[in-house]
Amino acid sequence: MKKRWRFALLTVAGVLIVAQFFGPARTNPAADPRLAFQAQMEVPAAVQEIVSRSCRDCHTNETRWPWYSYVAPVSWLVIHDVNHGRSHLNFSEWGRLRPDDAEDLLEEICEVAEKGEMPLRSYLLLHPDARLSSTDVQALCTWSAAARGQLRGARDHEK
Ligand code: HEC
C-alpha cells in the first residue's frame, strides 16, 4: 500500500511538473499609448484610478501578473480570464473601437458596475481592494454618460 501511495504521489508531481511547460502564455502586448482610453477621450483622474485598481488586470495590456499566474494549472485559468477580458474590452487599445462599439462598451461598463458583475467574483476573493464602492460605481456611470454624450456629439457634428 505504501508503495502505491508513493507511486501515486510521484505521478501527480510528474504531471504537475510537465504541466508547467504547457498552456497559454502570459502577454502584455505593447500598444501605442495614443490608443489608450485616457488618450482617446476625457477621463477624470478618479475614473482612471478606479480602472487601474479594479479593471486593469483583465482589461488592459498592463496586467500585473500575480505569482500564482506562473503555476499551472491555476495559471491557465488566470491567463484565460485575462485574454477573454481583453477580447471584450481593452482600455489600452480603446482607439481601435468603432464609435458605435465604443458607445456600447461605455454603456456596458456602467451596467456591469451597477449590477456588481465586475470585477469577477473569483478576482475579488484575492483582490478585495478591487471591489467597487457605490461612489466608484457612480463615478464610472457619470463618466460613461458624459463620454457617450461626447461621442454622439462628435458624430452628429460629422453628419
Ligand atoms: C479577473 C478579470 C476581470 C476583471 C478584474 C474585470 N473584468 Fe470585466 N470581464 C472579464 C471577462 C473574462 C469578461 C468577458 C466574459 C464575461 O462577460 O463574463 C469581462 C467582460 C466585461 C464587460 C463586457 C464587455 C462585453 O463585450 O460584453 C465589461 C463592460 C467589463 N468586463 C467591464 C469591467 C470593468 C468596468 C471592470 C472593473 C471595474 C472589470 N470589467 C474588471 C474579466 C474581468
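See the structure printed just above.
Residues numbered from 1 in each chain as written. Predicted model: local features only at pLDDT ≥ 70, side-chain atom pairs only at ≥ 80, totals over all residues. Heavy atoms only, no water.

S.K.: How do you make sense of the state of the cysteines when you look at a structure like this?
M.R.: Here a disulfide denotes a covalent bond joining the sulfur atom of one cysteine to the sulfur atom of another. One pass over the structure, following the stated rule, counts 1 disulfide. Two residues, Cys-110 and Cys-141, share a disulfide whose sulfurs are 2.2 Å apart. Its S-S torsion of about 100° marks the bond between Cys-110 and Cys-141 as right-handed, since a negative value means left-handed. One end of the pair, Cys-110, is in helix 5 (residues 99–114); the other, Cys-141, is in helix 7 (residues 134–158), and 31 residues separate them in sequence. Residue classification places Cys-141 among the buried residues on the basis of a relative accessible area of 13%. (Disulfide = S-S within 2.5 Å. Helix = DSSP H or I, 4+ residues; strand = E, 2+ residues; numbered from the N terminus. Buried < 20%, exposed > 50% of the residue type's maximum accessible area, 1.4 Å probe, protein only.)

S.K.: Teacher, can you tell me more about the environment of Leu-89 here?
M.R.: Mapped onto the fold, Leu-89 is located in the loop between helix 4 (74–88) and helix 5. For Leu-89, a relative accessible area of 10% corresponds to the buried category. Discounting residues that sit within four places of it in the chain, Leu-89 has contacts with Cys-58, His-59, Trp-94, Leu-105 and Ile-109. (Contact = heavy atoms within 4.5 Å.)

S.K.: Sorry, what's going on with a nonpolar patch on the surface here?
M.R.: On the surface, a cluster of nonpolar side chains totalling about 580 Å² of accessible area is made up of Ile-17, Val-18, Phe-21, Phe-22 and Trp-76. On the secondary structure map, Val-18 appears in helix 1 (residues 2–19). (Patch = residues over 30% accessible without salt bridge, like charges linked within 9 Å, V, L, I, M, F, W, Y side chains within 5 Å. Areas by Shrake-Rupley, 256 points an atom, 1.4 Å probe, with all protein chains shown as cover. Salt bridge = Lys/Arg side-chain N within 4 Å of Asp/Glu carboxyl O.)

S.K.: Honestly, the site of the ligand in this entry has me stumped. Any pointers?
M.R.: In the region of the ligand, 18 residues are neighbours, and Cys-55, Cys-58, His-59, Glu-108 and Met-118 sit closest. Between the ligand and His-59 there is a distance of 2.7 Å, counted from a nitrogen atom to a side-chain nitrogen or oxygen. Between the ligand and His-88 there is a distance of 3.1 Å, counted from an oxygen atom to a side-chain nitrogen or oxygen. Its atoms largely coinciding with the cavity grid, the ligand occupies the largest pocket. (Near = heavy atom within 4 Å. Polar contact = N/O pair within 3.5 Å; in protein donor to acceptor, adjacent residues only side chain to side chain. 1 Å grid on protein atoms, 1.4 Å probe; cavity = no way out; pocket = protein on both sides within 12 Å on 5 of 7 lines; lining within 4 Å. Sits in = over half its atoms within 2 Å of the grid points.)

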